[in-house]
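Structural features, examined
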Amino acid sequence: MPPPTVPFFLTSTTLAAAAAKPQGRPPSPAQMQQQPRDEQDASREACASYAARMRLNPQLALRLFDHLVRSGADPDHVAYALALGRCERERDRRAAAQLHAHAAKRGAASHRRVRNGLIHAYAVSGMLFDARKVFDRGHEGDTVAWNSLLRGYAAAGDVKALREFFAGMQARDTVSWNTIIAWCVENGEYEEAIAVFRDMLANRECLPDRVTLVSVISAITYLGALAQGLWAHAYVCRKGIQVEERLSSALINMYSKCGYIEGAVYVFENLGAKMSVDTWNAMLAGFTANGEKALELFARMEITGLVPNKITFNTVLNACSHGGFVEEGIDCFERMTKVYGIEPDIAHYGCMVDLFCRAGLFDKAEKMIQMMPMKPDAAVWKALVGACRTHRNFELGKKAGHRLIEAAPNDHAGSIEIDGVIHEFISGDKSHSSKEDIYEMLSEMCRQLKVAGYVPDTSQVLLDIDDEVVKESSLALHSEKLAIAFGLISTASGTPIRIVKNLRVCGDCHNAVKLLSKIYRRCIIVRDANRFHHFREGSCSCGDFWNPLLSLAPDGPLPTAHPLLLFDSKL
DNA sequence: CTAGGGTTAG
């Protein structure tokens, strides 16, 4: 550890000097000439060697910059840029201002890279005014400067200002468009992200690149819009866009979350040498969510010699708890710490608690909670509450429930907005275009279900509906049934039906869809808020293990605000 | 070394 000297840019003397002499006077070319040759060479050498160290150790960039200054060398633009990059990532406005003052004194602040580094560092750390000031001192045609400032408006979250700035930009390139699209995705405006992408394609002032596609595919993933995802993938192939690690992860994730695991596997298996821990992680997550054999895939990963990371184990442990593999889960947890030296974080402990809970091993779960070195978070209590319901352990469930409310009072907030790409179904919706046909199909479906011995389970309708008949008919109109009816009449027989919901499937629908998959011999894939359900020949890939309410008697304790289907979408 | 990005999940 280097001695704890105070970096020059944090000392009050530097501050005072900077305040007194904000602009400084840059050394004239003549003065620069006067400097002895070998001294300049030494300075250049020092800069190069420090730059290398700063690149290697970006988190020490500021300290290294300080050392460089103390060694008597004159920092070059690379050193400034590296140090400012650190300020930008850390949102360190104080150090950015110090570096600014320092650069101004030495006449380096007018260097293009230093200036852009300053704009960026200021812009993302909420100092748009200062960023603007640097920007206004000569930026002619510098797209990096424009984009840095644009990024600042995005970070500030003022949509109107962002839009205006974007519209008024002198030079807009791929990065500018990417910045806007990324902002949309980050802020949950997925439809908007795709709309901007459409504008970009129509506008033709620049071409989408791999970064554009990562953002766009990510938006598509959130929307569960497989058709658009397939298009995006085709676009990548068509335009010869390089499928590097992040893009392949995005594609694998997209296919997985759209329930088209075959597509994800296709991308994964065709990566060749470009496989990385991250692509494996994406594939493992896809297997987990789609009820595939994630543990076997993990075994394959270990054989390749790639070193799994925190995320890998989080995913694998999830696969264990979800599949009920208690022994394997314990084994993975051990291997993670002992073989790979990974310190378990709260999420890992959460997975273990979930693993034990689902298996009904409550004392082990409790022991795990006591063992963990950090405070249990909402996820832990949620796992416990859920399992207590399934296993009818009311006493512990009550305790855990209280802790959950303590940890996350607003847990039930949010209803993700998913807009249908093709069709939208809202529970009880009668406004659909071909509604006559759909409702006819629906009643036919109900008849078939009755023949197959289906009895509506009204225990999960939590609104205060007294009348059994009303309850039953409200269940019959749940949006996935509407969507399936539509799917059955509008697609060729044998075509898999894909449904995206933004809420959990209710137990009644889950039962009904299982039967429907058998009656109509269709593979029905439903994505709910949490995971995928692949219904085939009367059973589901989730193994009926997703909904703690399923095994609850009608007179059991009411869970806190179970969401009723309100808003779903498409096929 | 200055602008834009993916993988956990109850």
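Criteria and thresholds
- Here the residue numbers are simple positions, counted from 1 along each chain's written sequence.
- Ligands are numbered from 1 and chains lettered from A, in the order in which they are written.
- Where local features are concerned, this predicted model is filtered to residues with pLDDT of at least 70; where side-chain atom pairs are given and counted, the filter is 80 or more; whole-chain, interface and lining totals use all residues.
- Based on all heavy atoms of the structure, the side-chain values leave hydrogens and waters out of the count.
- Each helix corresponds to a stretch of at least 4 residues labelled H or I by DSSP, and each strand to a stretch of at least 2 residues labelled E; elements are numbered beginning at the N terminus.
- Contacts are assigned to residue pairs with any non-hydrogen atoms lying within 4.5 Å of each other.
- The near set for a molecule or strand comprises every residue that places at least one heavy atom within 4 Å of it.
- Two N or O atoms count as a polar contact when they lie within 3.5 Å, although within protein this holds only if one can serve as hydrogen donor and the other as acceptor, and sequence-adjacent residues are included solely when both atoms are side-chain atoms.
- Gly is placed with the polar residues, together with every amino acid not listed as nonpolar (Ala, Val, Leu, Ile, Met, Phe, Trp, Tyr, Cys and Pro) or charged (Asp, Glu, Lys and Arg).
- UniProt positions are given in the numbering used here, feature names are shortened, and annotations may be inferred rather than shown by experiment.
- Think of a nonpolar core as a cluster: buried Ala, Val, Leu, Ile, Met, Phe, Trp, Tyr and Cys residues, connected wherever their side-chain atoms sit within 4.5 Å.
- A 1.4 Å probe rolled over the protein chains alone gives each residue an accessible area, and that area as a share of the maximum for its type sets the label: buried under 20%, exposed over 50%, partly exposed in between.
- For salt bridges, the criterion is a side-chain nitrogen of Lys or Arg within 4 Å of an Asp or Glu carboxyl oxygen.
- In this scheme Phe, Tyr and Trp rings, the latter by its six-membered ring, pair at centre separations within 6.5 Å, and the angle between planes marks the pair as stacked below 30 degrees, edge-to-face above 60, and tilted otherwise.
- Over a ring means this: the NZ of a Lys or the CZ of an Arg is within 6 Å of the ring centre and within 35 degrees of the ring normal.
- Working definition: the arc comes from the directions between the helix axis and the C-beta atoms, pointing outward to the latter.
- Axes here refer to lines fitted to C-alpha atoms; in helices the fit is confined to the stretch in contact. Angles between the N-to-C directions go from 0 to 180 degrees.
- Note that the term roughly parallel is reserved for angles under 35 degrees, roughly antiparallel for angles over 145, roughly perpendicular for angles of 65 to 115, and oblique for everything else.
- With the far helix as reference, a near helix turned anticlockwise by less than a right angle produces a left-handed crossing, and one turned clockwise produces a right-handed crossing.
- To estimate the expected span of a helix, subtract one from its residue number and multiply by 1.5 Å.

For chain A, the name recorded in an unreviewed UniProt entry is DYW domain-containing protein, with Oryza meyeriana var. granulata as its organism.

Section: the overall build of chain A
When helices and strands are counted, chain A shows 28 helices and six strands. At a minimum sequence separation of 6, the contacts of chain A that also span at least 24 residues come to 67%.

Some details on the protein's contact with DNA strand B
Around DNA strand B, the surrounding shell holds 40 residues, and the nearest of these are Asn178, Asp209, Asp278, Asn314 and Asn318. Within the side chain of histidine 120, a nitrogen or oxygen atom sits 2.8 Å from a phosphate oxygen of DNA strand B. Residue assignment for the surface near DNA strand B shows that the elements contributing at least two residues are α5 (77-90), α7 (112-124), α9 (143-156), α11 (174-186), α13 (210-223), α15 (245-257), α17 (277-289) and α19 (310-323). For the surface near DNA strand B, the class distribution of residues is 12 nonpolar, 17 polar and 11 charged.

Quick word on the UniProt feature "repeat: PPR" (unreviewed entry) in chain A
The positions UniProt marks with the feature "repeat: PPR" (unreviewed entry) are residues 142-172, 173-208, 309-344 and 345-375. End-to-end, the C-alpha atoms of residues 173-208 are 10 Å apart, and along that stretch the chain is 75% helix and 0% strand.

A look at the side chain of asparagine 178
Within the secondary structure layout, asparagine 178 lies in helix α11. Setting aside residues up to four positions removed in sequence, asparagine 178 forms contacts with Met200, Asp209, Val211 and Thr212.

Here we look at the nonpolar core
The biggest cluster of nonpolar side chains holds 125 residues, and the ones touching the most others in it are Phe65, Leu99, Leu213, Ile217, Ile252, Met283 and Leu384. Once residues within four sequence positions are removed from consideration, methionine 283 is found in contact with Ile252, Ile261, Ala264, Val265, Phe268 and Leu297.

Some words on the pattern of salt bridges
Tallying each qualifying case throughout the model produces 18 salt bridges. As a salt-bridge pair, glutamate 90 and arginine 86 come within 3.2 Å of each other at their nearest N and O atoms. Note that glutamate 90 and arginine 86 are positioned in helix α5 at a spacing of four residues, about one turn of the helix. In this structure, arginine 115 and aspartate 142 form a salt bridge, with 3.6 Å as the shortest nitrogen-oxygen distance. With arginine 115 in helix α7 and aspartate 142 in the loop between α8 (128-136) and α9, this residue pair connects regions lying 27 residues apart in the sequence. You can call arginine 115 buried: its relative accessible area is 12%. Via salt bridges that share partners, Arg112, Arg115 and Asp142 belong to a single interconnected network.

Some thoughts on the packing of aromatic side chains
All told, the structure shown has 14 aromatic pairs when counted by the stated rule. Ring centres of phenylalanine 197 and tyrosine 235 lie 6.4 Å apart, and the angle between their planes is 85°; this geometry places the pair in the edge-to-face category. Separated by 38 residues along the polypeptide, phenylalanine 197 in helix α12 (residues 190-203) and tyrosine 235 in helix α14 (residues 226-238) bring together distant segments of the chain. This pair shows no difference in class: phenylalanine 197 is buried, exactly as tyrosine 235 is. Here the aromatic rings of tyrosine 255 and tyrosine 260 are separated by 5.6 Å at their centres, their planes lie at 70°, and the arrangement is edge-to-face. In this structure tyrosine 260 comes out as partly exposed when scored by relative accessible area, which is 27%. Across the ring face of tyrosine 50, the terminal group of arginine 53 is positioned such that the distance to the ring centre comes to 4.4 Å. When the ring centre of phenylalanine 166 is taken as origin, the NZ or CZ atom of arginine 172, which lies over that ring, is 5.1 Å away.

Structural notes on the environment of glycine 350
Following the sequence through the fold, glycine 350 ends up in helix α21 (residues 346-358). Taking the relative accessible area as the measure of exposure, glycine 350 reaches 13% and is therefore buried. A C-alpha to C-alpha distance of 9.4 Å links glycine 350 and methionine 372, two positions 22 residues apart in sequence.

A word on helix α16 (residues 261-269)
Three or more residues of α16 are buried, namely Ile261, Gly263, Ala264, Val267 and Phe268. Along the axis of α16, the buried positions cluster into a sector of 155°, meaning they face one direction only. Packing partners of the buried residues in α16 comprise α14, α15, α17 and α18 (294-304).

Here's the deal with the packing of α7 against α8
Interhelical geometry of α7 versus α8 gives an angle of 160° and a closest axis separation of 7 Å. It follows from the interaxial angle that α7 and α8 lie roughly antiparallel. The two elements α7 and α8 cross, and the hand of that crossing is left-handed. For the pair formed by α7 and α8, the contact residues are Arg115, Leu118, Ile119, Tyr122 and Ala123 on the first element and Leu128, Asp130, Ala131, Val134 and Phe135 on the second.

Brief notes about unusual backbone geometry
With phi around 55°, arginine 91 is a residue other than glycine that occupies positive phi space. Locating arginine 91 in the fold gives a position in the loop between α5 and α6 (93-106). Arginine 91 sits in the partly exposed class, given a relative accessible area of 40%. Phi angles above zero are rare outside glycine, and arginine 204 is one such case at about 60°. By the element assignment, arginine 204 lies in the loop between α12 and α13. The exposure class assigned to arginine 204 is exposed, which follows from its relative accessible area of 72%.

Thoughts on the environment of glutamate 45
Residue placement: glutamate 45 occurs in helix α3 (residues 37-56). The exposure class of glutamate 45 is exposed, given its relative accessible area of 59%. For the pair glutamate 45 and alanine 73, spaced 28 residues apart in sequence, the C-alpha separation works out to 9.0 Å.

Observations regarding α3
End to end, α3 covers 29 Å across 20 residues, agreeing with the expected 28 Å (1.5 Å per residue, within 8%). Those residues of α3 hidden inside the fold are in contact with α4 (61-70) and α5.

A word on the packing of α18 against α19
In contact at an axis separation of 9 Å, α18 and α19 are set at 145° when each is read in the N-to-C sense. Touching Ala294, Leu295, Phe298 and Met301 of α18 are Thr312, Phe313, Val316, Ala319 and Cys320, all from α19. When the residues that make up the contact of α18 with α19 are grouped by side-chain class, the tally is eight nonpolar, one polar and no charged.

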